[in-house]
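# Structural overview for review
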Amino acid sequence: MKLSILTAALLAGAGSAAAQNKKRCLYNHHFADGTLIIDQPGSYRLCDDIVFCPHNNLDVESASDEEIAEAFDPIVQGNPKYNNNEYALGFFAAIAVQADDVSLSLNGYSIAQCREHALMQRFFAVIELASAPFTDGVGPHDFVSSTFTPAKNFKLTGPGTVGLSSHHGIHGNENENVQISGVTFKDFEVGAVSLNNVKGLQIKNCDIPNNRQDVPILGSFSAALQIRPYLNELKATNPGYSMTLGGAVKSVEDVYATLVNHIANVYKDVMEYGFIDQASHPDEHSLYDNADRVIDGPCYVFLVHGKGPAVGGFGEVQAEDAAALSNNVELLNNNAQNIKCFTNEVLATIVDGAVQNDARGAVMQFYNALDEVYIGLDETAGVYTYTGNANLDAQIMIGKAVNQGLLGDNVLQTNVNSVSLPLIDWAEGNNSLFAPSFRCNGDSMHHVIKGSIMFRVEDCQGFKIKGNTIDDVEVKSKGPVELCVDFHKGASFLDGSDRMLADLRGISVAAVSAFDDALSTGNDASSISHNTITNFKSQSANLIAGIDIQGFSEGVDIENNYVNLDSIVADVTGDKWVGLRIRESASAIFVKKNNSFLQGEIQESRRKLPEYHPRPAGDSEWPNNGCPYGH
């Protein structure tokens, strides 16, 4: 009889102690090879503080740059239990639950990434509630080798901690009946819990004392990590391949060596100092250093979304197909505080109307909006001359190789590459008339910028957000720059040029409805009640809202909430502060008199439902050459 991966691991390591206990024990050695795959129903519990650091035997002093750069790559390690499709972006989770009827008790222990893995694996969930991080056909890669298997009837209980994660504490798609209670979430970068198209969710009595606030690098470092395997493949299959970059002929071996040297230098610095040493490695510092030390993209506590990744603008209209909607969602009696956020607007280079993405979907960056300087080019002579850097040289070389058909059909899929011939010609010095133009309102993966939202529920039928506390939230984003020729097409339906990078919302719901079509004001209505939202800060924001009702939302009761975003800010018409905002698209929103909104309320004039909207919930949010994670 062939044993499942998890069953074999438990029999090998847990011994009689697990056999005598109905809840099977999980220890650190179960994670030594990589992601622990739970593919059998049952009850499990942590019996150790788990630090996820697979194959952590790297000797930095003796390791080559390449050995450091590929240290945590499951494809390089070649373990057959990790399929090349599902694990193409690395070990995407500590635990992947791909079975129904699984319960996991933290049992007073913690589970988290190690610092090394958090640096080198930039897309990660401590617990992934599926066999893959994306559904079939979604994302910058085909992540499903045979069948996408989401978890149903999953229960996670505390006490205990879901800790350090470079992305999420818990992430999932297409799940049903998820219960999370009594858990502490801390040191996540993007969000504590993020679920798309979940049917039945309850998160209650959880504590969120802080998100991660010592992030050393920007999304550009992730781009370096993800383009490296492509260069390595080109080097192996086409040795000596070369092109002119920045006025000099560079071979693939040269470009690869520079890139892995940058990666290794960052790794060594961060492991020793916690940040990139500017004096020793100025080029790496200018490319990758995160001065604000918090995630440079989306920032949430809880995110519930309809079908597909939540990378577009706010939902406007619910899908007619109920299968594309989340439903029956409860966020109850949770306490979130000390959350710091920062959105880095990455101006996306466009050529002939197309965003320039590399083979893994990262945006080609030619402008630093934080320092307001160009990157990888010189414009001082009145023309734009390509000078390059480690990332751009790699991205452009791979873009050219893809256009030449040199990187074929293998694990390194190239379907999202959009690096165009005019840009390549310019980088090679053959197009002196080329001038970059930029599309704004996106981050490093060209996800639509929506600001920071602590509790976000969207494309959902039936929810209850009750008894939660959200306190001490700060957004560090600066204001936008003015180099845009147009704006991300997935942005706000009301105003496509609305750039929300510094905006802050406590609770935001969009394209939501009551538990059924009756839209009664009784038990069937969705509700936001008995929540306390206090102490918000964002210097460059256009909007700081306690509760925001967006899109064509209907059938929501709002009662007994206390919102005081800043104790020294009063209710002043026209300022950026608002306790409750109800957008003009919403209807049947019932605001009881027992709320206390110290910064006031805004209820916009009602607007009729349009006959056509470019992005109804559940449809494809992205055309080609938009965000690659929605292809």
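The structure reproduced in this document is the subject of the present report. Only a predicted model underlies this, so the values are computations on that prediction, with no experimental measurement involved.

## Examining the overall build of the chain
- Looking only at helices and strands, the chain has ten helices and 41 strands in total.
- Of the contacts made within the chain by residues no fewer than 6 positions apart, 75% connect residues no fewer than 24 positions apart.
- Split by element, the accessible area of the chain, about 22,900 Å² in all, is 45% carbon and sulfur.

## Let's talk about the sheet that holds strand E22 (residues 348-351)
- With respect to topology, four strands assemble into an open sheet ordered E23-E22-E28-E31, the strand pairing being mixed. In the strand order of this sheet, the two ends are held by strand E23 (354-355) and strand E31 (484-487), each with one partner.
- For E22 and strand E28 (residues 437-440), the ladder comprises three bridges, and the chain directions are antiparallel. The residue bridging Thr349 from the neighbouring strand is Phe438, located in E28.

## Topic: the pattern of salt bridges
- Using the criterion set out here, one finds 19 salt bridges in the structure.
- Linking Asp214 and Arg212 is a salt bridge whose minimum nitrogen-to-oxygen distance equals 2.7 Å.
- Judged by relative accessible area, Asp214 falls into the partly exposed class, the value being 44%.
- A relative accessible area of 7% places Arg212 in the buried class.
- A network of salt bridges, in which partner residues are shared, links Arg122, Glu189, Arg212 and Asp214.

## Focus on the nonpolar core
- Core analysis: the biggest nonpolar cluster contains 97 residues, and Ile111, Ile127, Leu156, Ile180, Phe185, Phe463 and Ile549 have the highest contact counts within it.
- Examining the composition of this core, we find that seven residues originate from one element, strand E29 (residues 452-466), more than from any other.
- Not counting the four nearest positions on each side in its chain, Ile549 is found in contact with Val509, Ile528, Ile558, Leu580, Arg581, Ile582, Arg583, Ala586 and Ile589.
- By size, the runner-up hydrophobic cluster in this structure holds 61 residues, among which are Leu119, Val252, Trp426 and Phe438.

So, how was this worked out
- Residues numbered from 1 in each chain as written.
- Predicted model: local features only at pLDDT ≥ 70, side-chain atom pairs only at ≥ 80, totals over all residues.
- Heavy atoms only, no water.
- Helix = DSSP H or I, 4+ residues; strand = E, 2+ residues; numbered from the N terminus.
- Contact = heavy atoms within 4.5 Å.
- Areas by Shrake-Rupley, 256 points an atom, 1.4 Å probe, with all protein chains shown as cover.
- Pairing = 2+ DSSP bridges.
- Salt bridge = Lys/Arg side-chain N within 4 Å of Asp/Glu carboxyl O.
- Buried < 20%, exposed > 50% of the residue type's maximum accessible area, 1.4 Å probe, protein only.
- Core = buried A, V, L, I, M, F, W, Y, C linked by side-chain atoms within 4.5 Å.

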